[in-house]
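Spelled out from the first residue to the last, the chains are:
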Amino acid sequence: MTTHDATSPQRPDPWELPDVSDLVIGVLGGTGDQGRGLAYRLARAGQRVVVGSRAADRAAAVAEEIGHGVEGADNAECARRSDVVIVAVPWEGHARTLSSLTAELAGKLVVDCVNPLGFDKRGAYAIVPEEGSAAEQAQALLPDSRVTAAFHHLSAVLLKDPELERIDTDVMVLGESREDCATVQAIAQLIPGMRGVFAGRLRNAHQVEALVANLISVNRRYRAHAGIRLTDI
Ligand SMILES: NC(=O)c1ccc[n+]([C@@H]2O[C@H](COP(=O)([O-])OP(=O)(O)OC[C@H]3O[C@@H](n4cnc5c(N)ncnc54)[C@H](OP(=O)(O)O)[C@@H]3O)[C@@H](O)[C@H]2O)c1
């Protein structure tokens, strides 16, 4: 049995997460596989979601296809309308997209799910960004935003499949502020089957992003859509 000294402060319960139901969630690059999948799952769970695109009409068309009240806007308007903004653009467009949105993203909670990967005839491999990781590049480019990293290991195929009620997987959430991470963990947990798990500071985002190269190998070998589960928590 665990006993607690009445005079020592109780450790806060790490599974106690905030209510995020009022937050508007934007998805930059929300017309792509990952963004569209996340938008669909979050909207299906009852959240207000705005998908962003470089072209407002593309975003509007995808929003209509997704349904569940999802709105579409160009990336800048998507960022303005949202409280929490998920970055779901390809690594090649990451720096340019974020540099063009510093004003719109100021004061916002940004969630980076970008995996810097290269592909050659031997398969996928991790790229090491100059800043250490995509998430650290985002924080360097967005000094007035609070950057977290999450949702790297999800399969867009599973996210988009309307037949699947649950996606049983863990979402590792990294960031400098426990409060911001808790918000993102709570957002992950809006999706049935998902668990949001605090996984450290942004300086450790590189290996979380890079792990996707391994998951791609797993998927090819086993013809699967592998995710991750952390044990003993
Ligand atoms: N696919 C997955 O299963 C998965 C899982 C976890 C994480 N991720 C990460 O999520 C991100 C998006 O993946 P994805 O598969 O959805 O990619 P994607 O479909 O290739 O691209 C997403 C969207 O980004 C926009 N885009 C394309 N090139 C761009 C550029 N150079 N600059 C700015 N925007 C650009 C496009 O939207 P518009 O043309 O409408 O602007 C596109 O629809 C990647 O960084 C990936 O590492 C993907």
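This one's a predicted model, so the numbers in the text were calculated from it and none came from an experiment.

1. Focus on the UniProt feature "domain: Pyrroline-5-carboxylate reductase catalytic N-terminal" (unreviewed entry) in the protein chain
What UniProt calls "domain: Pyrroline-5-carboxylate reductase catalytic N-terminal" (unreviewed entry) maps, in this numbering, to residues 25–116. Note that residues 25–116 is 47% helix and 24% strand, and that its end C-alpha atoms are spaced 23 Å apart.

2. A look at the pattern of salt bridges
Following the criterion strictly, the structure yields 13 salt bridges and no others. Notably, a salt bridge pairs K160 with D33, separated by 3.0 Å at the nearest N-O pair. Of this pair, K160 sits in helix α7 (residues 156–160) while D33 is found in helix α1 (residues 33–44), placing the two residues 127 residues apart along the sequence. Under the relative-accessibility criterion, D33 is labelled partly exposed at 47%.

3. Things to note about unusual backbone geometry
You will see that F151, though not glycine, has its phi angle at about 70°, which is positive. Note that F151 resides in the loop between β8 (146–149) and α7. By relative accessible area, which is 2% here, F151 ends up buried. Located in the positive-phi region is R223, a residue other than glycine, with phi close to 45°. Among the structural elements, R223 can be located in the segment after α9 (205–222). Note on R223: relative accessible area 79%, which makes it exposed.

Rules and cut-offs
- Chains are numbered independently. Their residues run from 1 in the order of the written sequence.
- Only residues with pLDDT of at least 70 get local features here, since the model is predicted, and only at 80 or more are side-chain atom pairs given and counted; chain-wide, interface and lining totals rely on the full set of residues.
- Only hydrogens and water are set aside when side-chain values are computed; all heavy atoms of the structure are taken into account.
- UniProt positions are given in the numbering used here, feature names are shortened, and annotations may be inferred rather than shown by experiment.
- Every helix listed is a DSSP run of H or I at least four residues long, and every strand listed is a run of E at least two residues long, numbered separately from the N terminus.
- A pairing counts as a salt bridge when a side-chain nitrogen of Lys or Arg comes within 4 Å of a carboxyl oxygen of Asp or Glu.
- Classification of residues uses two cut-offs on accessible area relative to the type maximum, computed with a 1.4 Å probe and protein chains only: under 20% is buried, over 50% is exposed, and between them is partly exposed.

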